[in-house]
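Below are the chains, spelled out letter by letter.
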Amino acid sequence: MKIIFMGTPEFAVPSLEIINKDYEVVSVFTKIDKPNARGNKINYSPVKEYALANGLKIYQPQNFKGKEIIDEIRKIQPDLIVVVAYGKILPKEVIDIPKYGIINVHSSLLPKYRGAAPINAALINGDKKSGVSIMYVEEELDAGAVILQEETEITEEDTFLTLHDRLKNMGALLLLKAIKLIENNKVEAKKQDEKLVSFVKPFKKEDCRVNWNKTSREIFNLVRGMNPVPTAFSSIEGKNLKIYSVIPYEKKYENSKNGEVVEFLKGKGVVIKTADNSVIITSAKPENKKQLSGVDLINGSFLKIGEVLC
């Protein structure tokens with residue numbers, strides 16, 4: 001079976017790696033290279049890094065609007081196209097090319113959380129489970145019939161990073177199972193229930209700001225759902241404080257404002273009042289400083305009792 005693989009970030013690498021062992025990956029499509037933050041070095045995507053290391057042919061089209069790139073895919077004559085976090089929408093002309101269609105590894109239990117950032121959303125919304133779905137690609141975003149799904153429990157210790165890494169490996173193994181079902185003509189795909197559909201849009205910067213008028217549990221979920229990226233933050237005296245982890249704390253501070261620094265707990269961190277109780281900041285990064293533990297935040301006097309975060 002000849003397979004074209006389309007993907008970009010680290011999440012896609014295990015899927016490419018696992019199918020490259022068992023199948024003929026004839027080419028890899030990934031997003032165009034970008035300069036790093038300082039602009040003095042070009043960064044390759046993790047998928048491109050893998051493709052280069054394994055001698056796979058690479059394509060990096062700006063989009064699929066041109067006839068040339070579509071004709072090139074037709075010329076390859078793939079049996080199947082696999083998409084994993086590619087980051088581009090495929091037109092019908094491409095979808096119709098492969099003999100067995102196009103399948104996608106999506107990091108949610110569809111139809112819940114179509115679109116961007118489903119892993120972050122599951123944590124931020126306090127879900128008790130997440131998972132991966134292998135589905136057929138249609139013109140409508142993430143709306144195709146589901147071939148396979150697998151669930152995983154979300155624990156109190158999970159962050160975006162831990163759940164991301166668990167799902168990327170689950171997705172790779174499930175993808176391999178789906179391809180074998182396609183090969184053997186044993187797929188029993190199920191249409192998604194449109195009544196249960198929800199969407200997640202890409203985060204804007206202000207979506208990452210901690211709202212101290214919310215409960216300690218809501219703030220805990222936001223912070224861990226954005227750890228390490230895109231990172232929750234708050235501001236004090238015009239400077240941003242990136243917040244990587246907090247612990248819900250049941251103590252109430254009735255005479256303080258939401259967002260106020262109300263206490264330092266020795267050996268733990270900085271206590272901030274919330275809408276219901278409080279949270280302890282256990283890891284954060286002041287602007288232009290390195291990431292610090294909650295204890296170091298106290299010792300470095302980066303926050304003071306009575307200051308209010310916003």
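Everything discussed here concerns the structure shown above.
Summarised in this report is the structure supplied together with it.

1. Regarding the packing of aromatic side chains
Phase 1 of the analysis: Taken as a whole and judged by the stated rule, the model has 3 aromatic pairs.
Phase 2 of the analysis: Arranged with centres 4.8 Å apart and planes meeting at 15°, the rings of Phe-29 and Tyr-59 form a pair that is stacked. Residue Phe-29 is located in strand β2 (residues 24-29), and its partner Tyr-59 is located in strand β5 (residues 58-59); the two are separated by 30 residues in the primary sequence.
Phase 3 of the analysis: When its relative accessible area of 0% is taken as the criterion, Phe-29 is described as buried.

2. Looking at the sheet that holds β2
Phase 1 of the analysis: Read across the sheet, 7 strands follow the order β5-β2-β1-β6-β7-β9-β10 without closing on themselves; strand pairing throughout is mixed. Each having just a single partner strand, β5 and β10 (146-153) make up the two edges of the open sheet.
Phase 2 of the analysis: Pairing analysis gives 4 bridges linking strand β7 (residues 102-106) to strand β9 (residues 129-136), with the strands arranged antiparallel. Looking at the pairing, Ile-103 lines up with Tyr-136 of β9.

3. What to know about helix α1 (residues 13-22)
Phase 1 of the analysis: Of all the positions in α1, only Val-13, Pro-14, Ser-15, Leu-16, Ile-18 and Ile-19 are classed as buried.
Phase 2 of the analysis: Tucked inside the fold, the buried residues of α1 contact β1 (2-7), β2, α2 (46-53), β6 (80-84), β7 and α6 (160-183).

4. What about the environment of Val-308?
Phase 1 of the analysis: Take Val-308: it is sitting in the segment after α8 (294-299).
Phase 2 of the analysis: Non-local contacts of Val-308, meaning those with residues more than four positions away in its chain, are made with Ser-235, Ile-236, Lys-257, Asn-258, Gly-259 and Glu-260.

5. Here we look at the environment of Pro-61
Phase 1 of the analysis: By secondary structure assignment, the location of Pro-61 is in the loop between β5 and α3 (67-76).
Phase 2 of the analysis: Considered as a pair, Pro-61 and Pro-91 are 30 residues apart in the sequence and their alpha carbons are 13 Å apart.
Phase 3 of the analysis: In this structure Pro-61 touches Phe-29, Ile-32, Ile-69, Tyr-86 and Lys-88, once residues within four positions along its chain are discounted.

6. Considerations on the pattern of salt bridges
Phase 1 of the analysis: In this structure the tally under the stated criterion is 16 salt bridges.
Phase 2 of the analysis: The salt bridge involving Lys-67 is made with Asp-71; its shortest N-O contact spans 2.6 Å. One end of the pair is Lys-67 and the other is Asp-71, both in helix α3 and 4 residues apart, which spans about a single turn.
Phase 3 of the analysis: Classification of Lys-67 as exposed rests on a relative accessible area of 63%.
Phase 4 of the analysis: The shortest N-O distance in the salt bridge between Lys-129 and Glu-151 comes to 3.1 Å. Of the two residues, Lys-129 sits in strand β9 while Glu-151 sits in strand β10, which places them 22 residues apart along the sequence.
Phase 5 of the analysis: Sharing partners across several salt bridges, the network here consists of Glu-10, Asp-165 and Lys-168.

7. Topic: the environment of Leu-90
Phase 1 of the analysis: Locating Leu-90 in the fold gives a position in the loop between β6 and α4 (92-95).
Phase 2 of the analysis: Taking C-alpha positions, Leu-90 is 12 Å from Pro-61, a pair spaced 29 residues apart along the chain.
Phase 3 of the analysis: Apart from the residues within four sequence positions on either side, Leu-90 is in contact with Met-6, Phe-64, Val-83, Ile-95 and Ile-102.

8. What to know about the packing of α1 against α6
Helix packing geometry: the angle between the two helix axes and the distance between the axes.
Phase 1 of the analysis: Remark: α1 packs on α6, axes separated minimally by 8 Å, with the N-to-C direction vectors making an angle of 35°. Regarding α1 and α6, the two cross each other, and that crossing is right-handed. Contact residues: α1 offers Pro-14, Ser-15, Ile-18, Ile-19 and Asp-22, while α6 offers Lys-168, Asn-169, Gly-171, Ala-172, Leu-173, Leu-175, Leu-176, Ile-179 and Lys-180.
Phase 2 of the analysis: In the contact of α1 with α6, the residues fall into 8 nonpolar, 3 polar and 3 charged.

Thresholds applied
- Residues numbered from 1 in each chain as written.
- Predicted model: local features only at pLDDT ≥ 70, side-chain atom pairs only at ≥ 80, totals over all residues.
- Heavy atoms only, no water.
- Phe/Tyr/Trp six-rings, centres within 6.5 Å; stacked < 30°, edge-to-face > 60°.
- Helix = DSSP H or I, 4+ residues; strand = E, 2+ residues; numbered from the N terminus.
- Buried < 20%, exposed > 50% of the residue type's maximum accessible area, 1.4 Å probe, protein only.
- Pairing = 2+ DSSP bridges.
- Contact = heavy atoms within 4.5 Å.
- Salt bridge = Lys/Arg side-chain N within 4 Å of Asp/Glu carboxyl O.
- Axes fitted to C-alpha atoms, helices over the stretch in contact; angles between N-to-C directions.
- Left-handed = near helix turned anticlockwise from the far one by under 90°.
- Nonpolar A, V, L, I, M, F, W, Y, C, P; charged D, E, K, R; others polar.

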